[in-house]
Number of protein chains: 2
Amino acid sequence: MQISSRFSVAVHVLSLLALQQEDDVLLTSERMAGSVNTNPVVIRRLLGQLKKAGLVEVRPASGGTFLTRQPAAISLLDVYRAVEVVEEGQLFSVHDKPLQACLVGRNIQAALDTTLLRAQNALEQVLAGVTLQQVTTEILLQDKQAS
Amino acid sequence: MQISSRFSVAVHVLSLLALQQEDDVLLTSERMAGSVNTNPVVIRRLLGQLKKAGLVEVRPASGGTFLTRQPAAISLLDVYRAVEVVEEGQLFSVHDKPLQACLVGRNIQAALDTTLLRAQNALEQVLAGVTLQQVTTEILLQDKQAS
DNA sequence: CCTTAGTGTAACTATTGTAGTTACAGCTGT
DNA sequence: ACAGCTGTAACTACAATAGTTACACTAAGG
């Protein structure tokens, strides 16, 4: 099963925030939803998670959302964790209650555990090594190349 | 969202096959289901996938399933791919059809792509580095330590 | 001060993937 | 031939995702 698109949507939204111009019109959930191509409520729910993680500040009433840190200080792992794609250490789900009377049954979990954690860790470390800053730089670069 | 337990069940089943004694009674889907603590049909479906991937041979009628290769020649990545936990290169799902009129919208996918592939690759390489042999060795070791 | 635009959230729906279960046809070794 | 097992279809239950409507709440600006 796939990792929820909440993660890629979150990176999208944060990129919008990172690139927003001072003089620009406010980035409301409706605007962001337009860019992502989804429903404003989906964005607001997401912003709630990002806010809880301390990545953004949301002005309640007449709108506006802002990053609380520099884009260079936000890693994709921060985002990944913020949107709770997976509980920590739970990327792989393991069948529970194997037969304890069986050699394999009573030891498989412990035998697999380290490997699964290492695998998950390897993935997360890649995300930890990329910042929002790098993503927006890449966005600008891609756009220049395409034109 | 979590990676399906099909993967850990598959490793469990393959471990049973790797450790099965010649003189032992046949490993039927019912027996394996007992050890895993699930339904025989779930096991048979799984064996179907492992068979398709060429990892096991199933004797159709009066039972019995066997590995087609040495445990040392089967990596956890082989198993992971066999049970189709995720399509190749599709661990992360990305929201589709972002707004092309928007700078971020039209470049986010390309900008994220490399990173997501690298992350997924890092995970898979860990799995590629562990063999079924190592798992069964670990199972025996764990059991000795517990007793 | 009150209007207004936007947020926060509940509630519901549709869709998808997982997992368990029953049922039964098909195969094969003895 | 038959007993025992596999292969698979069909159904159920359940959980997560994602979209949508609706509406109470909040604060900034006239």
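Higher on the page you've got the structure.
So, here is what we can say about the structure in this document.

### Remarks on the protein's contact with DNA strand C
Inference 1: What surrounds DNA strand C is a group of 23 residues, the closest being A:Lys51, A:Pro60, B:Ser5, B:Thr38 and B:Ala61.
Inference 2: When the atoms of DNA strand C within 4 Å of the protein are sorted by group, sugar and phosphate make up 64%.
Inference 3: At 2.5 Å from a phosphate oxygen of DNA strand C is found a side-chain nitrogen or oxygen belonging to A:Lys51.
Inference 4: Breaking the surface near DNA strand C down by element, the ones donating at least two residues are helix H3 (40-52) of chain A together with helix H3 (40-52) of chain B.
Inference 5: Across the surface near DNA strand C, the residue classes break down as 8 nonpolar, 9 polar and 6 charged.

### Here's the deal with the pattern of salt bridges
Inference 1: For the coordinates displayed, the defined rule picks out 10 salt bridges over all chains.
Inference 2: Between A:Glu124 and A:Arg81 there is a salt bridge, with the nearest N and O atoms lying 3.2 Å from each other. Taken as a pair, A:Glu124 in helix H5 (residues 103-128) and A:Arg81 in helix H4 (residues 76-82) lie far apart in primary sequence, 43 residues in all.
Inference 3: By relative accessible area, A:Glu124 is classed as buried at 4%.
Inference 4: Judged by its relative accessible area of 34%, A:Arg81 falls in the partly exposed class.
Inference 5: A salt bridge links B:Arg69 to B:Asp78; the shortest N-O distance between them is 3.5 Å.

The rules behind each value
Residues numbered from 1 in each chain as written. Chains lettered and ligands numbered in written order. Predicted model: local features only at pLDDT ≥ 70, side-chain atom pairs only at ≥ 80, totals over all residues. Heavy atoms only, no water. Near = heavy atom within 4 Å. Polar contact = N/O pair within 3.5 Å; in protein donor to acceptor, adjacent residues only side chain to side chain. Helix = DSSP H or I, 4+ residues; strand = E, 2+ residues; numbered from the N terminus. Nonpolar A, V, L, I, M, F, W, Y, C, P; charged D, E, K, R; others polar. Salt bridge = Lys/Arg side-chain N within 4 Å of Asp/Glu carboxyl O. Buried < 20%, exposed > 50% of the residue type's maximum accessible area, 1.4 Å probe, protein only.

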